[in-house]
Amino acid sequence: MGRHGRALAPRHGGPGRASRRSPWRLHDDPAIPDSVLDGGRLGPVEVLAASVRGSSHRHYGSRREDAVAVAELDDRYIVAAVADGVGSTRDSHEASHRAVQHLIRVITTQVTSRDTPSLGGLRTAFDQVNAAIEKLDTGAATTLTAVVLDTVNPDGQGHTYHLAQLGDSPAAVLANGRFRRLFTDEPDGAVHSTTTHALPGSDLSALQLATGTLRVGESLFLASDGIANLWEADDVQEYLAPRWAEPPSGVNFLTQLQLRRKSFDDDRSVVAIWVPHRRTQRPPLIPGTEFNVDHYFRNGSCLSAGRIGDLEVRAASSRGTRSPAGARRDVARLAAFGDYVAGAVTRTTSTPEATAGAGDGHHFAVEFLRELATRPPEEPIEYRIASTLRETTQRMAKIFRNLHTVEMSALIVGPRPDSGELTYWALTCGEQPVHAAGHAIHGLDQMDTGAVDIDQLEGRWGTLADPVHLQRGPVRPGEALLATTGITGDGLGERIGGAAVSGAPLGPVEFYHQVAAGNDTESAAVAMWLDQEWGR
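Analysis parameters
- Residues numbered from 1 in each chain as written.
- Predicted model: local features only at pLDDT ≥ 70, side-chain atom pairs only at ≥ 80, totals over all residues.
- Heavy atoms only, no water.
- Buried < 20%, exposed > 50% of the residue type's maximum accessible area, 1.4 Å probe, protein only.
- Helix = DSSP H or I, 4+ residues; strand = E, 2+ residues; numbered from the N terminus.
- Contact = heavy atoms within 4.5 Å.
- Pairing = 2+ DSSP bridges.
- Axes fitted to C-alpha atoms, helices over the stretch in contact; angles between N-to-C directions.
- Lys, Arg positive; Asp, Glu negative; His and termini not counted.
- Salt bridge = Lys/Arg side-chain N within 4 Å of Asp/Glu carboxyl O.
- Polar contact = N/O pair within 3.5 Å; in protein donor to acceptor, adjacent residues only side chain to side chain.
- Expected span 1.5 Å × (residues − 1).
- Core = buried A, V, L, I, M, F, W, Y, C linked by side-chain atoms within 4.5 Å.
- Phe/Tyr/Trp six-rings, centres within 6.5 Å; stacked < 30°, edge-to-face > 60°.
- Lys NZ or Arg CZ within 6 Å of the ring centre and 35° of its normal.

Undergrad: Got a minute to help me understand helix H6 (residues 250-257) in this structure?
TA: Residues spaced three or four apart along an α-helix face the same direction, because each turn holds 3.6 residues. In terms of residue burial, H6 counts as a mostly covered element, since 6 of its 8 residues are buried. On its buried face, H6 sits against strand E1 (35-42), strand E2 (45-52), helix H4 (225-228), helix H5 (234-244), strand E11 (268-274) and helix H10 (508-516).

Undergrad: Help me understand the sheet that holds strand E4 (residues 77-84), please; the structure alone is not making it clear to me.
TA: Pairing between the strands of a sheet is mediated by backbone hydrogen bonds and can be parallel or antiparallel. If you walk across this open sheet you meet the 5 strands as E3-E4-E5-E6-E9, and the pairing is antiparallel. Taken across any chain shown, the strands that pair with only one partner, and hence form the sheet edges, are strand E3 (66-73) and strand E9 (208-214). Here the strands of the sheet are splayed against their neighbours by 15° on average, with no regard to which way each runs. Where strand E6 (residues 159-166) lies against E9, 7 bridges are found, and the strand directions are antiparallel. In the strand pairing of E9, tyrosine 161 is matched with glycine 212. Across the sheet, helix H2 (residues 92-112) is in contact with E3, E4 and strand E5 (144-150); its angle to E3 comes to roughly 15°. Against the sheet, helix H3 (residues 119-136) makes contact with E5, E6 and E9, and its axis sits at roughly 35° relative to E6, the strand it touches most.

Undergrad: Help me out: how do you make sense of unusual backbone geometry in this one?
TA: When glycine is set aside, most residues are seen to have a negative phi, and most peptide bonds are trans. Cis geometry is found at the peptide bond from leucine 199 to proline 200, where omega equals 0°. By the secondary structure assignment, proline 200 is in the loop between strand E8 (178-181) and E9. Although it is not a glycine, arginine 114 adopts a positive phi angle of roughly 70°. You can see arginine 114 is positioned in the loop between H2 and H3. For arginine 114, a relative accessible area of 62% gives the class exposed. Unusually for a residue other than glycine, asparagine 176 sits at a positive phi of about 55°. Among the structural elements, asparagine 176 can be located in the loop between strand E7 (171-175) and E8.

Undergrad: I keep staring at the pairing of E4 and nothing clicks. Help me out?
TA: Strand residues, when the strand is regular, have side chains that alternate between the two faces of the sheet. E4 sits mainly inside the fold: 8 of its 8 residues count as buried. Of the two faces of E4, the one lined by Tyr77, Val79, Ala81 and Ala83 and the one lined by Ile78, Ala80, Val82 and Asp84 are each fully buried. Where E3 lies against E4, 8 bridges are found, and the strand directions are antiparallel. Bridge pairing in E4 places leucine 73 opposite tyrosine 77. Hairpin geometry of E3 and E4 is characterised by an intervening segment of 3 residues between the two adjacent antiparallel strands and by a positive phi of about 60° at aspartate 74. Relative to E5, E4 runs antiparallel, the two being bridged by 6 bridges. Bridge pairing links valine 82 to threonine 145 in E5.

Undergrad: When you look at the environment of alanine 95 in this model, what are you seeing that I'm missing?
TA: Residue placement: alanine 95 occurs in helix H2. You can call alanine 95 buried: its relative accessible area is 0%. Placed 28 residues apart in sequence, alanine 95 and alanine 67 show a C-alpha to C-alpha distance of 9.2 Å. Setting aside residues up to four positions removed in sequence, alanine 95 forms contacts with Ile133, Leu136, Ala140, Ala141 and Thr142.

Undergrad: I keep staring at the side chain of aspartate 267 and nothing clicks. Help me out?
TA: Considering the arrangement of structural elements, one finds aspartate 267 in the loop between H6 and E11. One buried charged residue, aspartate 267, forms no salt bridge at all, with the nearest opposite charge on arginine 64 at 6.2 Å. At a separation of 2.7 Å, a polar atom in the side chain of aspartate 267 contacts the main-chain amide nitrogen of glycine 54. Looking at aspartate 267, its side chain comes within polar contact range of the main-chain nitrogen of glutamate 65, at 2.6 Å.

Undergrad: Just checking my understanding: could you explain helix H8 (residues 381-399) for this structure?
TA: Counted at 1.5 Å a residue, the expected span for H8 with its 19 residues is 27 Å, and the 27 Å between its end C-alpha atoms agrees. All of the buried residues in H8 are Ile381, Glu382, Arg384, Ile385, Ala386, Ser387, Thr388, Leu389, Thr392, Thr393 and Met396.

Undergrad: Quick question: what am I supposed to make of the nonpolar core here?
TA: Core analysis: the largest hydrophobic core is formed by 39 residues, its most contacted members being Phe221, Trp231, Trp244, Phe253 and Val270. For this core, the element with the most residues is H10, which contributes 5 residues. Among all residues touching valine 270, those that are not within four sequence positions of it are Leu48, Ala49, Ala50, Val68, Val82, Phe221, Leu222, Ala223, Ile227, Trp244, Phe253 and Leu257. Counting 34 residues, the second-largest nonpolar core is a separate cluster that includes Ala83, Leu103, Val106 and Ile133.

Undergrad: Where do I start with the packing of aromatic side chains in this structure?
TA: Think of a pair of aromatic rings as described by two things: how far the centres are apart, and how the planes are tilted against each other in angle. If you walk through the whole model with that rule in mind, you get 10 aromatic pairs. With 6.4 Å between their ring centres and 85° between their planes, phenylalanine 179 and tryptophan 244 make a pair best called edge-to-face. In this pair, phenylalanine 179 is assigned in strand E8 and tryptophan 244 in helix H5, connecting sequence segments 65 residues apart. There is no split in this pair, since phenylalanine 179 and tryptophan 244 are both buried. The ring of tryptophan 24 has arginine 58 lying over it, and the distance from NZ or CZ to the ring centre is 3.5 Å.

Undergrad: Sorry if this is basic, but what is going on with the side chain of glutamine 237 here?
TA: Mapped onto the elements of the fold, glutamine 237 is located in helix H5. Taking relative accessible area as the criterion, glutamine 237 reaches 2% and is therefore assigned buried. From its side chain, glutamine 237 meets the backbone oxygen of tryptophan 231 in a polar contact 2.9 Å long. Once you skip the residues sitting within four places of it in the chain, glutamine 237 turns out to touch Gly177, Arg178, Phe179, Trp231, Glu232 and Pro242.

Here you go:
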């Protein structure tokens, strides 16, 4: 092929390679972001929860097997959980995500039924999660650690919490500059074993339970072993303890969680709960009623990134500091298939009579990318794009009847079938434009999509915003393609475009920071750009 005709073949360094260019490899499921960040405040208590894919999974293109979740209940309680899918079992990522989501649903039901949180309630919740994981019938297994904390402090003696741990995802308090684990590795009376206790199990004899109190200036952590084993080292404690003694910003928390250390390449997840001396600006926590066991993650901020050949790709969505409680409307996702990579940004709204459900629109981006990736590769790419849009819209309109509109911008990059030239296809549904190096390309190069007429999609289904456009054009070195929603001003396009032209593209966390910066409400973006050295 010619200069612009090279396929997007993967090119990666080792798992520990350090570079501003991301060595991350995309995995095969757009439903599971590379990294997630959530949190907020309830009363005097602040929470941050983050989960990031380990460097080994990033290098080999496998999914994140850790999961986190946090929610508020009855405007009084905080429930949080961390799970670590057992890596030796199939579909362990599904077990961990289902465990944290299901636990929050069970505790929510208990509190809604006016049951005061207790150790007995946690034990019952673990029993129900155990049964739910067993029903997967895939051999998948996961650890699970959870806490329910009362944000009301009537006697001034501190906030009572109830804690449960099964497996090697520990709970710890940070005091005097040290992380102190609250449980031993083995339950009382147990014989030491190298086997990880996990759900599902025939019984929960390894479940450890405790009640404690969190006071002003103290912090409680739930963690997967990917970070907990790391913070046992003195120098890591010296690094993390002062940074986590008080609540950091979300971006700093996400960055600090990914400190580099040779051999520590597992997924890392933390839920941190503080009763800080000084309050920071945080959004309200999402109610437990918003959680659904069929959703991997739809509530907080998300980040995915990768490098495919010479193409850098990023997708990030930020909840914002002033967003109302509830599932997110703005979503950004990535997927790779064959010689192509695709990213989608969606914004959804619910029908006026719906009390919840805008967050169900995250399914639209996920299902669009999944469908696009699984269509027959012999189909022309324009046909694949238009057919995928049609079928996804029809399916979503039937499943999620409380959705009112879906606006979407999608970018697909790969070789043009007739020439091999590296080409972008920009699909827009609604008024959000796609940009190239800061200049809108919306409406350019309108094309014939073959057997499916893209114009006939307009107005056919209530969930799809008008107008619908599909454009294409060449991908040029040093030029960034950008699809956004909820981002004010042109600053992001200028920063992304400038970084691409300079040959120093924004790193993944830097990109998330730029998407979130200056936006108090929700925002999302997908960006792609070629290395300046392309074709040389």
